Amino acid sequence: MDWTVEALQEFESMPDDGVPAARAELITALDPYYRGIDADPSLPHWITVRPLASTSPGGPHIADLAGGRGWLVFTFIRRHADPQITVTDAFWA
């Protein structure tokens, strides 16, 4: 997982309860965009993933954390040897 400088600073200031688990969910998922009809049930109840813009389902996505208290905006590039997730924005209220 790669981070922009600003997103990493925000992530490091987030509380320890749950946020590292969200990061772990994203980096261990077969498809971090959670595409498909039965994708969301495999997520913990406190994380939802959706496209940032409905017109760009393959573009940036947002992982809402703890019912909207925080989020991670990320892009996923599927590469055979080394898939890449880049977090561009992180927030916690």
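Reading guide: rules and limits
- Residues numbered from 1 in each chain as written.
- Predicted model: local features only at pLDDT ≥ 70, side-chain atom pairs only at ≥ 80, totals over all residues.
- Heavy atoms only, no water.
- Helix = DSSP H or I, 4+ residues; strand = E, 2+ residues; numbered from the N terminus.
- Buried < 20%, exposed > 50% of the residue type's maximum accessible area, 1.4 Å probe, protein only.
- Contact = heavy atoms within 4.5 Å.
- Areas by Shrake-Rupley, 256 points an atom, 1.4 Å probe, with all protein chains shown as cover.
- 1 Å grid on protein atoms, 1.4 Å probe; cavity = no way out; pocket = protein on both sides within 12 Å on 5 of 7 lines; lining within 4 Å.
- Points joined across faces, edges and corners; volume = space filled by probe spheres on them.
- Nonpolar A, V, L, I, M, F, W, Y, C, P; charged D, E, K, R; others polar.
- Phe/Tyr/Trp six-rings, centres within 6.5 Å; stacked < 30°, edge-to-face > 60°.
- Pairing = 2+ DSSP bridges.
- Axes fitted to C-alpha atoms, helices over the stretch in contact; angles between N-to-C directions.
- Polar contact = N/O pair within 3.5 Å; in protein donor to acceptor, adjacent residues only side chain to side chain.

Further remarks concern the overall build of the protein chain. Assigned secondary structure in the protein chain consists of 2 helices and 5 strands. Ordered by position in the sequence, the α and β elements of the protein chain form the string β-α-α-β-β-β-β. When each of the 93 residues of the protein chain is scored for burial, the buried share is 34%. Excluding contacts between residues fewer than 6 apart, the proportion of contacts in the protein chain whose partners are at least 24 apart in sequence is 39%. Surface accessibility of the protein chain: about 5700 Å² in total, with carbon and sulfur atoms responsible for 56%.

Each pocket or cavity is described by its volume, and for the largest pocket that value is around 160 Å³. Lining the largest pocket we find Met 1, Leu 26, Ile 27, Ala 29, Leu 30, Pro 32, Phe 76, Arg 78, Pro 83, Gln 84 and Ile 85. Taken together, the elements giving at least two residues each to the lining of the largest pocket come down to helix H2 (19-28) and strand E5 (84-92). Counted by class, the lining of the largest pocket contains 9 nonpolar, 1 polar and 1 charged residues.

Okay, the environment of Val 87 next. Note that Val 87 resides in strand E5. Spatially, the C-alpha atom of Val 87 lies 7.4 Å from that of Met 1, the residues being 86 residues apart in sequence. Among residues more than four places away in sequence, those in contact with Val 87 are Met 1, Asp 2, Trp 3, Thr 4, Ala 7, Leu 72, Val 73 and Phe 74.

Before going further, it helps to spend a moment on the packing of aromatic side chains. Under the definition given, this model contains 2 aromatic pairs. Here the aromatic rings of Trp 3 and Phe 11 are separated by 4.5 Å at their centres, their planes lie at 35°, and the arrangement is tilted. Phe 11 shares its class with Trp 3; the two are buried.

So, on to the sheet that holds strand E2 (residues 47-51). The strand order E1-E5-E4-E3-E2 describes an open sheet built from 5 strands, whose pairing is mixed. The open sheet has two free edges, formed respectively by strand E1 (2-3) and E2, since each of these has just one partner strand. Sheet topology places strand E3 (residues 61-65) next to strand E4 (residues 70-77); 5 bridges connect them, and they run antiparallel. Across the sheet, residue Ile 62 finds its bridge partner in E4, namely Val 73. Each of E1, E4 and E5 touches helix H1 (residues 5-12); the most contacted strand, E5, lies at about 55° to it.

Looking at the secondary structure, you find Asp 64 in strand E3. On the basis of relative accessible area, Asp 64 is assigned to the buried category, the value being 14%. A polar contact of 3.1 Å, which involves the side chain of Asp 64, links it to the side chain of Arg 50. When sequence neighbours within four positions are dropped, the list of residues in contact with Asp 64 reads Trp 46, Ile 47, Thr 48, Arg 50, Gly 70 and Trp 71.

Worth remembering: the numbers are spatial, not functional.
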